[in-house]
Amino acid sequence: MSSLSRELVFLILQFLDEEKFKETVHKLEKESGFFFNMRYFEDCVTNGEWDEVEKYLSVYTKVDDNRYSMKIFFEIRKQKYLEALDKGDHGRAVEILVKDLKVFSTFNEELFKEITLLLTLANFRENEQLSKYGDTKTARAVMLVELKKLIEANPLFRDKLQFPTLKNSRLRTIINQSLNWQHQLCRNPRPNPDIKTLFVDHTCGPPNGARAPSPVTNPLMGSIPKVGGFPPIGAHGPFQPVVAPAPAPAPLTASFAGWMANPSSVAHQALSAGPIGLSASCNADSENVLKRPRPFGISEEMNNLPVNILSVTYPGQSHTHTLYSSEDLPKNVFSDLNQGSIVKSMDFHPVQQTLLLVGTNIGDIAIWEVASRERLVSRNFKVWDLGACSTTLQASLASENTAAVNRVIWSPDGALLGVAYSKHIVHIYSYHGSDGLRNHLEIDAHVGNVSDLAFSQPNKQLCLITCGEDKTIKVWDAVTGNKQYSFEGHEAPVFSVCPHHKESIQFIFSTAIDGKIKAWLYDNMGSRVDYNAPGHSCTTMAYSADGTRLFSCGTNKEGESHIVEWNESEGAVKRTYHGLGKRSVGVVQFDTTRNRFLAAGDEFQIKFWDMDNVNLLTAINAGGRLPASPCLRFNKEGIILAVSTNDNGIKILVNADGTRLLRSIENCALDASRAASVAVEKGPIIGTFGASISTAGTSIGIADRSAPMTAIVGLNGDNRTLPDVKPRVADELEKSKIWKLTEINEPSQLRSLCLPDSLMPIRVVRMIYTNSGGAILALTDNAVHKLWKWQKNERNLTGKATSALPPQFWQPSSGILMTNDICETNQEDAVPCFALSKNDSYVMSASGGKISLFNMMTFKTMTTFMVPPPAASFLAFHPQDNNVIAIGMDDSSIQIFNVRVDQVKTKLRGHQKRVTGLAFSNVLNVLVSSGADAQLCVWSMDGWEKQASKFLQIPSGHVSNPLGQTRVQFHEDQIHVLAVHGTHMAIYEAPKLECLKQWIPRESSGSITDAVYSCDSQSIYVSFEDASVCILTSATLQLRCRINPGAYLPSNPSTRVYPVVVAVHPSEPNQFALGLSDGGVHVLEPPEEGKWGFSSTLENGAGPTISSTAGSDQLPR
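Okay, so let's go over this structure.

1. Some words on the overall build of the chain
So, step 1. Each helix and strand counted, the chain has 15 helices and 61 strands in total.
So, step 2. Within the chain, the proportion of its 1117 residues that are buried is 55%.
So, step 3. Contacts in the chain between residues far apart in sequence, at least 24 positions, make up 56% of those at least 6 positions apart.
So, step 4. In the structure as shown, the chain presents an accessible area of about 47200 Å², 51% of it carried by carbon and sulfur atoms.

As structure tokens, this is what we get:
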């Protein structure tokens, strides 16, 4: 049996044990012989089940195998014989003597005779050696100690006594991952597919025969909703632990295993084999498995989640399904940028895809807006803190105070940028939009040249990876600058680094100028790969955008260049592309785009290849003026290509989509400029966050992106500066829009649905959509939960929540209600709260009494805990461990509670009043809390120490409610925090809690009752005491739509009704629900195929302005 088959047996054993198939477990143990279950053996001996004891033992050893085995069987049979004598059952004793003990007479005849003589004694304890024999139970226990020693010493048991260390429900997890993989290969992946069977491969049929949408993302459209994951296979409760990765060296992926084929080149032989089943010596079956396409995009966090909460989102179709042609390549010159010095490195912003970061040979860096040809930021080389630098660097700078830029790069979210210089230094800046570039870290990283740098996120922590002339690779904490790892092993200066991850394994490829390629895990255990680049060239490596294909491009000392694709599972070159020059000048640079094309700068041209064809696709000179080996870079969508020129400039090349994008931004910027000039004549300039007050007309405009001071925009005309508030540029596509404020007054202007309810209407205090998007859960003031479910049918193929069809008010057949425990004495002061598990199976909830855990299918109470006082006031599941919850308390503390062991791990104290909001960030590894004291606190999830705190800036003239609830929610980037208070909203940047924006509503609306990000974080829905709802663009806090009460409430309600809580759909960014003070729940959506609010292009330079009515931001009626 192969090693993989053997491991499968262990997975099945774990599964059977978890499912309580105890007899089957032991049958499989005996039939396979892979694992000797010492606990089961002990139980059998203790219970005197001698036949089963010998049957179980005989699988692993026989009497005459060795002296240890003989001694084991002898002790068992002797005990059985003595027990028969002790019972006075001489017939049974004789039978045992003849059948079982006779075999030992050939080895020790004298001993057998002595045992036989015991039959003649009235009590065998008369034998001197047995005089201390006690009762049967004691004798078995004494014998068991001896047997365990013999078994552990027996060489036949040495590899069978230890069960492999496995995460809980490992087989279930693997099956879930297999289904995820199958689903990724579906042509028409449906959200939340219904798994009927495991007997055949999963496929999603096309809905009504419709063709699946193209995976191409139109840059002028919003983000595409993510496809939902599979429901888990089986669940044993919500508190299966998530096991943290062990500190030992991580196992190697298939990517690494194949690279070990040449043992003579491996520097660390002890580590070269990798895990069982992944080495080069695997059998044919396992090799075929390794060579199959593997899905990527599932993060380490997702792989570590227990099966019952696994929920996976899926990237677009793999490269085999893309439909691009060479006409999609950006080959048309759009513009020229004059940088002023030789361009050495470029990188487009990952979010604002028309922002280009540039580094030059004299140490300059710049950020360009390529649409407007505007240089937003420019910095020269300068050491920030010379005293903190090494003496070597100080001496170098004393002789020549300049350095070239070797590499510039954005962090994955675009909040940071890194610069590697030719002298020791790495600079990290934080970018805050427009010209908002701030010094963040200066690292004296390497002795001599810093050749390359890259950002990575091992264990969800943002790190910086550098390499240099001192032959080392180093990993730094991107927040603190602390060095975490230093890798040594190259024999020549290291030229480039390429971090990546496959499944849960994070690793780094490095290349040196001698052509050596090595790979490293984050464990200080040495390189796992030692291989030669084609032609021993100085090489850079890069993955395709979907992470499934690895390429390298390099040039050797003779000027010969190679661009290749690697077969990771074999560690060999898969294909070599033709067309590069034989006498290249410098090292040829290359880039990949759209999971389909390669581009390289060579022989005064830009050369393109189709990834699946080794022959050159096309080559262009972009109108001339290109250097011999130009620097080039695609933007994320592959619709814009920047290439350096020989006259210290940059050419911007575009395809048709790129042209449309840049023209639209260019035109909007021109129109905004015209509007601003008109506004100057008529009234004050538009504030950074949207509205301003002018004398005539109505509209909202966009801000001057270079405005030096950020304004707080009050809809009552309160425009005031805030010293510690900094500006941040919005998403490029949002900034290109000029929004008109849309007023919705009539039911015909939107789609709304009042949900049916058969219970008493009681004020809704908490509400949430389920993670699947198919149901809404509400908690009312009387501690009762209500659940509405949308059914999947011909009119609703997805089964998702919609305003077009009413849902079912759902109750189990038992008729029971999910009702929280309440505290009769102080119920008026109770703060209801709940949290939903990731798989929608369980809800944890409290209404002033004990915390209850409910089963969402049966409504049964699974358990209760945490008897007040203090009472819970907010609940949040830990994002990495579903057993751990953060509980905000009404005594101002936060308790980190492990439900599985029913234990408080730690208590956090920092607030002065009750805690009313909690939000986790996996990216920053922090918990942000808010309280009735209007204070925000940041806590590290590692040691739970407080990192920062800040009080909200209550607008002047407003009085803060001492019992008011401040809520917090992370943007989907998990860095920016929305803080919601009755008087205002603000956006902060964690972990330092710098206030970026603040928005104050008009006084006539009353207090804010709730606010929340849309699922794509592009909008914010805000509800008010006057029953109106405002919709803001989150990037600018610009008001673009107001829904007035008459649009969704009855014309003459009997009492004052207003929204208490807002909930947003998890995958439909324009759908939200309101929980009302009268107990009603309304689902609201814009008109068919529409969005909330609409953008308008200003014409003829006549920019509409805000109404002159004091205190109003409404359109004239």
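2. Structural notes on the sheet that holds strand E13 (residues 483–488)
So, step 1. The sheet built from 4 strands is open, its strands ordered E10-E11-E12-E13 with antiparallel pairing. Of all strands in the sheet, those with a lone pairing partner are strand E10 (450–456) and E13, marking the two edges. Averaged over neighbouring strand pairs, the angle between their axes works out to 15° when direction is ignored.
So, step 2. Relative to E13, strand E12 (residues 472–477) runs antiparallel, the two sharing 5 bridges. The partner of Thr472 across the bridge, within E13, is Glu488.

3. Details of the pattern of salt bridges
Two side chains that carry opposite charge are able to pair once their charged atoms sit near each other.
So, step 1. Here the structure, examined in full by the defined rule, presents 32 salt bridges.
So, step 2. For Arg633, the salt bridge identified is with Asp347, shortest N-O distance 3.0 Å. Residue Arg633 is found in strand E26 (residues 632–634), and its partner Asp347 is found in strand E2 (residues 343–348); the two are separated by 286 residues along the sequence.
So, step 3. Here Asp347 falls in the buried class, since its relative accessible area comes to 7%.
So, step 4. A salt bridge links Arg1042 to Glu743; its shortest N-O distance comes to 2.5 Å. Linking Arg1042 in strand E57 (residues 1038–1043) with Glu743 in strand E32 (residues 742–744), this pair joins segments that are 299 residues apart in sequence. The residues Arg1042 and Glu743 share a single accessibility class, namely buried.
So, step 5. Taken together, the shared-partner salt bridges connect Asp336, Arg625, Asp647 and Lys651 into one network.

4. Focus on the environment of Ser893
So, step 1. Mapping Ser893 onto the fold places it in strand E44 (residues 893–898).
So, step 2. For Ser893, a relative accessible area of 0% puts it in the buried group.
So, step 3. In the structure, Ser893 is positioned 17 residues away from Gly910 in sequence and 7.2 Å away in space, judged by C-alpha atoms.
So, step 4. Setting aside residues no more than four positions away along its own chain, Ser893 makes contact with Ile887, Gly888, Leu908, Arg909 and Val915.
So, step 5. A polar side-chain atom of Ser893 sits 2.7 Å from a polar atom in the side chain of Asp891.

5. A word on the pairing of strand E43 (residues 884–889)
So, step 1. The buried fraction of E43 is high, at 6 of 6 residues.
So, step 2. Of the two faces of E43, both are covered, the one formed by Val884, Ala886 and Gly888 as well as the one formed by Ile885, Ile887 and Met889.
So, step 3. Note: strand E42 (residues 872–877) against E43, 5 bridges, orientation antiparallel. Bridging from a neighbouring strand, Phe877 pairs with Ile885 of E43.
So, step 4. Hairpin remark: E42 followed by E43, antiparallel, with 6 residues in the connecting loop.
So, step 5. Counted between consecutive antiparallel strands, the loop separating E43 from E44 contains 3 residues, among which Ser892 sits at a positive phi close to 80°.

6. Brief notes about the sheet that holds strand E40 (residues 851–855)
So, step 1. One open sheet holds the 4 strands; their spatial order is E38-E39-E40-E41, and the pairing between them is antiparallel. Edge positions in the sheet fall to strand E38 (833–836) and strand E41 (861–865), since each has one partner strand and no second. The mean inter-strand angle of the sheet, taken between neighbouring strand axes irrespective of direction, is 15°.
So, step 2. Bridging between E38 and strand E39 (residues 842–846) involves 4 bridges; their strand directions are antiparallel. If you follow Phe834 over to E39, its bridge partner there is Ser845.

7. A look at the packing of aromatic side chains
To describe a pair of aromatic rings, you give the distance between the ring centres and the angle between the ring planes.
So, step 1. For the structure shown, the criterion picks out 27 aromatic pairs.
So, step 2. For the ring pair Tyr56 and Tyr60, a centre distance of 5.5 Å and an interplane angle of 55° mean the geometry is tilted. In this pair, Tyr56 and Tyr60 both sit in helix H4 (residues 50–60), 4 residues apart, roughly one turn of the helix.
So, step 3. On the basis of relative accessibility, which here comes to 5%, the residue Tyr60 falls in the buried class.
So, step 4. Aromatic pair Tyr485 and Phe487: ring centres 5.9 Å apart, planes at 20°, arrangement stacked.
So, step 5. Three or more aromatic residues joined by ring pairs form one cluster here, namely Phe36, Tyr40, Phe41, Tyr56, Tyr60 and Phe157.

8. Structural notes on the environment of Arg1042
So, step 1. The class of Arg1042 is buried, set by a relative accessible area of 0%.
So, step 2. Along the backbone, Arg1042 and Gly1093 are 51 residues apart, and their C-alpha atoms lie at a distance of 8.4 Å.

9. A closer look at the pairing of E2
So, step 1. A large share of E2 lies buried, amounting to 5 of its 6 residues.
So, step 2. Pairing geometry for E2 and strand E3 (residues 355–360), over 5 bridges, is antiparallel. Note that in E3 the partner of Met346 across the bridge is Val358.
So, step 3. Hairpin connection, E2 to E3: the antiparallel pair is bridged by 6 residues.

10. A word on unusual backbone geometry
So, step 1. Following Pro868, the chain continues to Pro869 via a peptide bond in cis, the omega torsion being -5°.
So, step 2. The residue Pro869 is located in the loop between E41 and E42 in this model.
So, step 3. With omega at 5°, the peptide bond leading from Ala990 into Pro991 counts as cis.
So, step 4. For Pro991, the location among the structural elements is in the loop between strand E52 (985–989) and strand E53 (994–1000).
So, step 5. The phi dihedral of Asn524 is positive, around 60°, even though this residue is not glycine.
So, step 6. Structurally, Asn524 can be placed in the loop between strand E16 (516–521) and strand E17 (529–532).
So, step 7. Taking relative accessible area as the criterion, Asn524 reaches 45% and is therefore assigned partly exposed.
So, step 8. The backbone of Phe859 shows a phi angle near 65°, a positive value even though the residue is not glycine.
So, step 9. Following the sequence through the fold, Phe859 ends up in the loop between E40 and E41.
So, step 10. Residue class for Phe859 comes out buried when judged on its relative accessible area of 2%.

11. Let's talk about the packing of helix H1 (residues 3–18) against helix H2 (residues 22–32)
So, step 1. Viewed as axis vectors pointing N to C, H1 and H2 meet at an angle of 160°, and their least axial separation amounts to 8 Å. Comparing their axes, H2 and H1 come out roughly antiparallel. For the pair H1 and H2, the crossing hand works out as left-handed. Across from Val9, Ile12, Leu13, Leu16 and Asp17 in H1, the residues of H2 making contact are Lys22, Thr24, Val25, Leu28, Glu29 and Ser32.

The rules behind each value
- Residues numbered from 1 in each chain as written.
- Predicted model: local features only at pLDDT ≥ 70, side-chain atom pairs only at ≥ 80, totals over all residues.
- Heavy atoms only, no water.
- Helix = DSSP H or I, 4+ residues; strand = E, 2+ residues; numbered from the N terminus.
- Buried < 20%, exposed > 50% of the residue type's maximum accessible area, 1.4 Å probe, protein only.
- Contact = heavy atoms within 4.5 Å.
- Areas by Shrake-Rupley, 256 points an atom, 1.4 Å probe, with all protein chains shown as cover.
- Pairing = 2+ DSSP bridges.
- Axes fitted to C-alpha atoms, helices over the stretch in contact; angles between N-to-C directions.
- Salt bridge = Lys/Arg side-chain N within 4 Å of Asp/Glu carboxyl O.
- Polar contact = N/O pair within 3.5 Å; in protein donor to acceptor, adjacent residues only side chain to side chain.
- Phe/Tyr/Trp six-rings, centres within 6.5 Å; stacked < 30°, edge-to-face > 60°.
- Parallel < 35°, antiparallel > 145°, perpendicular 65-115°, else oblique.
- Left-handed = near helix turned anticlockwise from the far one by under 90°.

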